[in-house]
Amino acid sequence: MIALYLVAVIAVFAAIRATLEKNTGRKLPYVNVMNFAVAGALVLLLDHPLALAAAAAYFVGSTLEANAIASTYAGGERRG
(Lines give C-alpha, C1' and ligand atoms only; values in the text may rest on other atoms or scores of the structure.)
Protein backbone atom coordinates (compact mmCIF):
# COMPACT_ATOMS: atom_id res chain seq x y z
CA MET A 1 0.00 0.00 0.00
CA ILE A 2 2.94 2.31 0.59
CA ALA A 3 3.86 2.07 -3.11
CA LEU A 4 0.43 3.41 -4.06
CA TYR A 5 0.84 6.35 -1.69
CA LEU A 6 4.27 7.08 -3.11
CA VAL A 7 2.89 7.04 -6.67
CA ALA A 8 0.04 9.34 -5.57
CA VAL A 9 2.45 11.82 -3.97
CA ILE A 10 4.59 11.90 -7.10
CA ALA A 11 1.51 12.39 -9.28
CA VAL A 12 0.22 15.25 -7.13
CA PHE A 13 3.65 16.91 -7.16
CA ALA A 14 3.83 16.60 -10.96
CA ALA A 15 0.30 17.99 -11.32
CA ILE A 16 1.13 21.01 -9.17
CA ARG A 17 4.38 21.67 -11.04
CA ALA A 18 2.67 21.30 -14.44
CA THR A 19 -0.04 23.72 -13.37
CA LEU A 20 2.36 26.34 -12.03
CA GLU A 21 4.97 26.12 -14.80
CA LYS A 22 4.65 28.89 -17.39
CA ASN A 23 7.04 27.49 -20.02
CA THR A 24 5.38 24.77 -22.10
CA GLY A 25 8.67 23.03 -22.82
CA ARG A 26 9.35 22.64 -19.11
CA LYS A 27 5.75 21.59 -18.45
CA LEU A 28 5.79 18.53 -20.73
CA PRO A 29 8.03 16.31 -18.54
CA TYR A 30 5.68 16.82 -15.59
CA VAL A 31 2.71 15.80 -17.74
CA ASN A 32 4.66 12.70 -18.76
CA VAL A 33 5.33 11.87 -15.10
CA MET A 34 1.60 12.15 -14.42
CA ASN A 35 0.98 9.61 -17.21
CA PHE A 36 3.50 7.22 -15.65
CA ALA A 37 1.83 7.66 -12.27
CA VAL A 38 -1.62 6.85 -13.64
CA ALA A 39 -0.30 3.68 -15.31
CA GLY A 40 1.44 2.66 -12.08
CA ALA A 41 -1.65 3.41 -9.99
CA LEU A 42 -3.79 1.25 -12.30
CA VAL A 43 -1.57 -1.75 -11.64
CA LEU A 44 -1.42 -1.11 -7.90
CA LEU A 45 -5.16 -0.44 -7.46
CA LEU A 46 -6.76 -3.11 -9.61
CA ASP A 47 -6.43 -6.63 -8.30
CA HIS A 48 -7.09 -8.39 -11.58
CA PRO A 49 -4.88 -10.21 -14.09
CA LEU A 50 -5.88 -7.78 -16.85
CA ALA A 51 -4.77 -4.77 -14.80
CA LEU A 52 -1.28 -5.03 -16.25
CA ALA A 53 -2.70 -5.09 -19.79
CA ALA A 54 -4.88 -2.06 -19.05
CA ALA A 55 -1.93 -0.18 -17.59
CA ALA A 56 0.25 -1.10 -20.56
CA ALA A 57 -2.43 0.09 -23.00
CA TYR A 58 -2.79 3.36 -21.11
CA PHE A 59 0.99 3.79 -20.97
CA VAL A 60 1.42 3.21 -24.72
CA GLY A 61 -1.44 5.56 -25.57
CA SER A 62 -0.23 8.31 -23.27
CA THR A 63 3.32 7.96 -24.63
CA LEU A 64 2.07 8.36 -28.19
CA GLU A 65 0.05 11.37 -27.09
CA ALA A 66 3.06 12.95 -25.36
CA ASN A 67 5.20 12.38 -28.44
CA ALA A 68 2.58 14.00 -30.66
CA ILE A 69 2.37 17.02 -28.37
CA ALA A 70 6.16 17.35 -28.22
CA SER A 71 6.44 17.02 -31.99
CA THR A 72 3.80 19.67 -32.55
CA TYR A 73 5.45 21.97 -30.03
CA ALA A 74 8.83 21.48 -31.72
CA GLY A 75 7.39 22.43 -35.09
CA GLY A 76 6.36 19.05 -36.42
CA GLU A 77 7.51 17.57 -39.70
CA ARG A 78 8.92 20.05 -42.18
CA ARG A 79 7.36 19.66 -45.62
CA GLY A 80 8.40 21.21 -48.87
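Quick note: structure is the one above.
Residues numbered from 1 in each chain as written. Predicted model: local features only at pLDDT ≥ 70, side-chain atom pairs only at ≥ 80, totals over all residues. Heavy atoms only, no water.

Draft legend 1. View of the overall build of the protein chain. Looking only at helices and strands, the protein chain features 3 helices and 0 strands. For the protein chain, the succession of helices and strands along the chain, N to C, is α-α-α. Whereas a compact globule of 80 residues would reach a radius of gyration of roughly 12 Å, the protein chain reaches 15 Å, over 25% beyond that. C-alpha atoms of the protein chain, sized along the principal axes, occupy 50 × 30 × 10 Å. Restricting to contacts in the protein chain with at least 6 residues of sequence separation, those with at least 24 account for 38%. Carbon and sulfur atoms make up 69% of the accessible area of the protein chain, which amounts to about 5,900 Å² in all. Separation of charge centres in the protein chain, based on 6 positive and 4 negative side chains, amounts to 14 Å. (Helix = DSSP H or I, 4+ residues; strand = E, 2+ residues; numbered from the N terminus. Rg over C-alpha atoms; globule rule 2.2 N^0.38 Å. Contact = heavy atoms within 4.5 Å. Areas by Shrake-Rupley, 256 points an atom, 1.4 Å probe, with all protein chains shown as cover. Lys, Arg positive; Asp, Glu negative; His and termini not counted. Charge placed at Lys NZ, Arg CZ, Asp CG, Glu CD.)

Draft legend 2. Quick look at helix 3 (residues 51-74). Over its 24 residues, helix 3 extends 34 Å from the first C-alpha to the last, a length consistent with the 34 Å expected when each residue adds 1.5 Å. Among the residues of helix 3, those classed as buried are Ala51, Ala55 and Ser62. Buried residues along helix 3 sit in contact with helix 2 (24-45). (Expected span 1.5 Å × (residues − 1). Buried < 20%, exposed > 50% of the residue type's maximum accessible area, 1.4 Å probe, protein only.)

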